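Architecture and fold: a report
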Amino acid sequence: MDVPETIGGMQIINPDGTTHVIEEQPNPEYLTGFKRQTVQFLHEILPTGQLAEYGKEEARLPDGFWRLPLYAVLSLVASTATGIAVFKRQNLK
């Protein structure tokens with residue numbers, strides 16, 4: 001999720017003194033729209049993604065303050081419900 005939206009421009013100076021300018025251009029690796037929102041959601045709901053987000057400064061901002069703990073609780077509830085449903089069908093004795 002840390003891929004920049006654009007690739008920065010640069011100026012290359014050749015050994016013979018000539019210069020070559022590369023303009024700033026859109027990054028083909030940058031996701032936009034629904035794809036970006038989906039990948040961001042999956043990144044934030046998984047525990048490894050939450051750990052990565054908490055390590056960044058953005059997690060402490062008001063927008064991310066409620067979202068990550070809520071996702072942690074939701075993943076805990078979902079995994080517990082799945083475990084109960086699976087093991088309820090089996091005789092563990």
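My aim in this report is to walk through the structure given alongside it, one point at a time. (Residues numbered from 1 in each chain as written. Predicted model: local features only at pLDDT ≥ 70, side-chain atom pairs only at ≥ 80, totals over all residues. Heavy atoms only, no water.)

Side note on helix α2 (residues 47-54)
Taken together, the buried positions of α2 are Gly49, Gln50 and Glu53. Projection of α2 onto a plane perpendicular to its axis shows the buried side chains occupying an angular sector of 100°, all on one side. Facing away from the buried side of α2, by more than 90 degrees, are the exposed residues Pro47, Thr48 and Leu51. (Buried < 20%, exposed > 50% of the residue type's maximum accessible area, 1.4 Å probe, protein only. Helix = DSSP H or I, 4+ residues; strand = E, 2+ residues; numbered from the N terminus. Arc of directions from axis to C-beta.)

Quick look at the packing of helix α1 (residues 33-45) against α2
Look at α1 against α2: their axes get within 4 Å of each other, and the N-to-C directions meet at 90°. Looking at the two axes, α1 sits roughly perpendicular to α2. Of the residues in α2, those touching α1 at Gln40, His43, Glu44 and Ile45 are Pro47, Gly49, Gln50, Ala52 and Glu53. Residue composition of the contact of α1 with α2, by class: 3 nonpolar, 4 polar and 2 charged. (Axes fitted to C-alpha atoms, helices over the stretch in contact; angles between N-to-C directions. Parallel < 35°, antiparallel > 145°, perpendicular 65-115°, else oblique. Contact = heavy atoms within 4.5 Å. Nonpolar A, V, L, I, M, F, W, Y, C, P; charged D, E, K, R; others polar.)

Purely spatial values, then, with no claim about function.
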